[in-house]
Amino acid sequence: MGSSPGSIYTLTELRENVVTWRANGEQIGLVPTMGALHDGHLSLVQRAISECDRVVVTIFVNPKQFGPTEDLETYPRDNKSDLQKLAAFDTALAYIPDATKMYGPGFSTRVEVDGLTEHLCGKLRPNFFSGVATIVTKLLIQSLPDRAYFGDKDFQQLLVIRRLATDLDISVDIIGCPVIREPDGLAFSSRNAYLSTRDRITAPALFKILQQTAERAKAGEPCRAAEAWAKNELIQRGFTKVEYVDIRREETLESLDMINERSPRARVFGAAYLGTTRLIDNVTATSHG
Ligand code: AMP
């Protein structure tokens, strides 16, 4: 496939750019995405541009992070519209690699991060984090960035990526960026496009209930009781299934029984279905600054 200005499709082209930029002493930022770009993604691009001379935005629907019954085939893809959105950022280069090149014949390597991936989404989506860790490791090696930007929206993923960069001595700053939300509180997500009109009206309840769960726990309600309240509330509001609402230590994702001013930093994590659409979100639950 040919390249239009601002977009490249091969590792060779990426490496040529990276070699030139590094030779010029330019700072490189990396923003990995699966495309169907929304304001959440664009906030990462904006942040990267404000801190780096060059920014690589990758658009790659990574087959290795989808389970056999998940939505790989139907995941929204719209490179044309993504490139239009990125055109507003003139130092951003879109890198749109092909899956058959990214995982060439005989590809057999996996990056596994233990510990952090045993909780929350890791328990429910068995190959998800090794798929994410493998592709992010490859993208870091391919683009040699000074900084790489990830959203707090996928907080567990951010922790896993921080861990792998530390453990594998990859010289990059992993930067977490705040969750960007629609005016009604729903976190932007490419998967929101799946929601029916009715489910779209219900969806912001996830964020509101997670916030209320945090308030309850901060007010002294035992974490298990606050979580149970939240799960029930989500079902009452019309969610079809709740995978988890868990209050966890922010650094390690370990469970907490109570939150008080002596507790380590904590977050409430939630995953729930509206029909066949799985939504995740998280909010801080720290009772001190
Ligand atoms: P995805 O395309 O869903 O894999 O997301 C690519 C990156 O964008 C990840 O680092 C996500 O955490 C981040 N991201 C997705 N949604 C949001 C959001 N609403 N606010 C901030 N960052 C987000």
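Residues numbered from 1 in each chain as written. Predicted model: local features only at pLDDT ≥ 70, side-chain atom pairs only at ≥ 80, totals over all residues. Heavy atoms only, no water.

Right, let's get into the overall build of the chain. What the chain contains, in helices and strands, is 10 helices and nine strands. A buried classification covers 52% of the 289 residues belonging to the chain. A separation of at least 24 residues holds for 71% of the contacts in the chain among residues at least 6 apart in sequence. Carbon and sulfur atoms provide 50% of the accessible area of the chain, an area that totals close to 13800 Å². In the chain, 34 side chains carry a positive charge and 37 a negative one; their mean positions are 3 Å apart. (Helix = DSSP H or I, 4+ residues; strand = E, 2+ residues; numbered from the N terminus. Buried < 20%, exposed > 50% of the residue type's maximum accessible area, 1.4 Å probe, protein only. Contact = heavy atoms within 4.5 Å. Areas by Shrake-Rupley, 256 points an atom, 1.4 Å probe, with all protein chains shown as cover. Lys, Arg positive; Asp, Glu negative; His and termini not counted. Charge placed at Lys NZ, Arg CZ, Asp CG, Glu CD.)

A volume near 460 Å³ is recorded for the second largest pocket. For the second largest pocket, the lining is made up of 24 residues, of which Tyr9, Ile96, Pro97, Asp98 and Ala99 are closest to its centre. Listed by contribution, the elements that provide at least two residues to the lining of the second largest pocket are α3 (79–86), α4 (99–102) and α6 (128–143). For the lining of the second largest pocket, the per-class residue count stands at 14 nonpolar, four polar and six charged. (1 Å grid on protein atoms, 1.4 Å probe; cavity = no way out; pocket = protein on both sides within 12 Å on 5 of 7 lines; lining within 4 Å. Points joined across faces, edges and corners; volume = space filled by probe spheres on them. Nonpolar A, V, L, I, M, F, W, Y, C, P; charged D, E, K, R; others polar.)

Glancing now at the site of the ligand. As a matter of local geometry, the ligand sits amid 16 residues, with Met34, His41, Asp154, Ile180 and Phe188 nearest to it. In this structure, Asp154 approaches the ligand through a side-chain N or O atom, which is 2.6 Å from an oxygen atom. With respect to the ligand, the backbone of Ile180 contributes an N or O atom lying 2.9 Å from a nitrogen atom. For the shell around the ligand, the secondary-structure elements that each account for two or more residues are β2 (28–33), α2 (39–51) and β5 (147–151). When its residues are assigned to classes, the shell around the ligand shows eight nonpolar, six polar and two charged. (Near = heavy atom within 4 Å. Polar contact = N/O pair within 3.5 Å; in protein donor to acceptor, adjacent residues only side chain to side chain.)

Quick look at helix α7 (residues 155–167) now. Since the α-helix turns once every 3.6 residues, residues separated by three or four places project in the same direction. In this model, α7 (13 residues) spans 18 Å end to end at C-alpha, consistent with the 18 Å of a helix rising 1.5 Å per residue. Inspection of α7 places Phe155, Gln156, Gln157, Leu158, Leu159, Val160, Ile161, Leu164 and Ala165 among the buried residues, and these make up the whole buried set. Where α7 is buried, its residues meet α5 (120–124), α6, β5, β6 (173–177), β8 (266–274) and β9 (277–284). One or two steps after α7, the chain reaches Asp169, where phi turns positive at roughly 55°. (Expected span 1.5 Å × (residues − 1).)

A separate point is the side chain of Ser189. Within the secondary structure layout, Ser189 lies in the loop between β6 and α8 (197–202). For Ser189, a relative accessible area of 18% translates into the label buried. From its side chain, Ser189 meets the backbone nitrogen of Arg191 in a polar contact 3.1 Å long. With sequence-adjacent residues up to four places away left out, Ser189 is seen in contact with His38 and Lys153.

Although it is not a glycine, Ala36 adopts a positive phi angle of roughly 50°. Along the chain, Ala36 falls in the loop between β2 and α2. The phi angle at Leu120 is positive, at roughly 45°, despite the residue not being glycine. The exposure class assigned to Leu120 is buried, which follows from its relative accessible area of 3%.

Each domain of the chain was delimited in the assignment, giving domain 1 (6–177) and domain 2 (190–283). The distance between the C-alpha centroids of domain 1 and domain 2 comes to 26 Å. Across the boundary between the two partners, domain 1 contributes 21 residues, which contact 16 residues of domain 2. Between domain 1 and domain 2, the buried area comes to about 1700 Å², and carbon and sulfur atoms account for 58% of it. (Domains from an automatic or database assignment. Buried area = accessible area lost by both parts, 1.4 Å probe.)

By the secondary structure assignment, Asp246 is in strand β7 (residues 241–249). Since its relative accessible area comes to 15%, Asp246 is described here as buried. In terms of polar contacts, Asp246 uses its side chain to reach the side chain of Arg248, at 2.9 Å. If sequence neighbours within four positions are ignored, Asp246 has contacts with Leu120, Glu227, Arg267, Val268 and Phe269.

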